[in-house]
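Examination of the molecular architecture
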Amino acid sequence: MIDNIIKNIFDSHSHYNDEKFDDNRDEILKSLPSKGIDKIINVSASEKDAYDCVNLAEKYDYIFASVGVHPYEIENLSQDYIYNLESLSKNKKVVAIGEIGLDYYNNNIDKDLQKKIFEDQLALASELKMPVIIHAREADQDIINILKKFKLSGVIHCFSSDKEIAKILIQMGYYISFTGVITFKNNRKQLESLSAVPIERLLIETDCPYMAPEPHRGKICDSSMLYYIIKKIENIKNIPAQEIADITNKNAKELFNIK
Ligand SMILES: [Zn+2]
């Protein structure tokens, strides 16, 4: 499908436990190293997902896991969820707390509850000295105010805000990560933000099975499609594709403490 000329690719955000992969999950995962994929973070969204992410990471040496609860999944948490996440985090394949954050795009979920669950998980990351994977949508000011209360490292995933917000978060020590959205039409804001992020603070991700880049928009995405995302960054930043893969790989390994 893809002429494979880029190696050493680090997919910093994927959801391989998603049911869209139920028919061919292992087949896809086994094929990825031969398509230039070096490492993958399989990111948890719900409390149940956290267990599934750890199990999948244990099956493949090039897959790592994060544990955490996405703002869409906070309404049916068990009372012991922080304790459960903490227990899971002891597994050596778990490299981050995430994805956690605030999403004001979907107004059905109480904002105060979102903030509380977000802060509880940030406190856990702080106690465990682990990096965080942040989901932020239409909630920039609250995200910045809350992150300022903690001294953490981390990444803002699927970045969708403007370049001024990117600059503030970079100054706070965070990495900024982009998905296939940068290949879509009419996304001037994201491309301006991408231009403003120095390559030393950049991560790349698929967020698969969602967000397949052009020319595969709408299809089920997998990590091999990072090829198109890297090619777009090459075009915007005028840095050779292999160098983008190498530097974002190094950035991810530093952030997630992977050798
Ligand atoms: Zn995600």
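As a reminder, the structure under discussion sits directly above these lines.
A brief look at the structure comes next. Given the structure is predicted, the values throughout are model-derived calculations rather than measurements.

1. Concerning unusual backbone geometry
With an omega of 0°, the peptide bond running from Gly98 to Glu99 counts as cis. With respect to the secondary-structure elements, Glu99 resides in strand 4 (residues 94-103). Residue Pro209 follows Cys208 across a cis peptide bond; omega there is 15°. Mapped onto the elements of the fold, Pro209 is located in the loop between strand 8 (202-204) and helix 8 (226-237). You will see that Cys158, though not glycine, has its phi angle at about 45°, which is positive. Secondary-structure assignment places Cys158 in the loop between strand 6 (154-156) and helix 6 (163-171). Among the residues examined, Cys158 registers 22 C-beta atoms within 10 Å and is labelled buried. Even without being a glycine, Met211 presents a positive backbone phi close to 60°. As for its placement among the helices and strands, Met211 is situated in the loop between strand 8 and helix 8. Residue class for Met211 comes out buried when judged on the 21 C-beta atoms lying within 10 Å of it.

2. Points about helix 9 (residues 241-256)
Along its 16 residues, helix 9 runs 22 Å from first to last C-alpha, staying within 8% of the 22 Å computed at 1.5 Å per residue. Within helix 9 the residues assigned to the buried category are Ile244, Ala245, Thr248, Asn249, Asn251, Ala252, Leu255 and Phe256. For helix 9, the arc enclosing every buried residue in end-on projection is 165°, short of the 170-degree limit, so these residues lie on one face. After helix 9 finishes, the residue Asn257 shows a positive phi value of roughly 55°.

What counts as what
Residues numbered from 1 in each chain as written. Predicted model: local features only at pLDDT ≥ 70, side-chain atom pairs only at ≥ 80, totals over all residues. Helix = DSSP H or I, 4+ residues; strand = E, 2+ residues; numbered from the N terminus. Buried ≥ 20, exposed ≤ 12 C-beta atoms within 10 Å, placed from the backbone. Expected span 1.5 Å × (residues − 1). Arc of directions from axis to C-beta.

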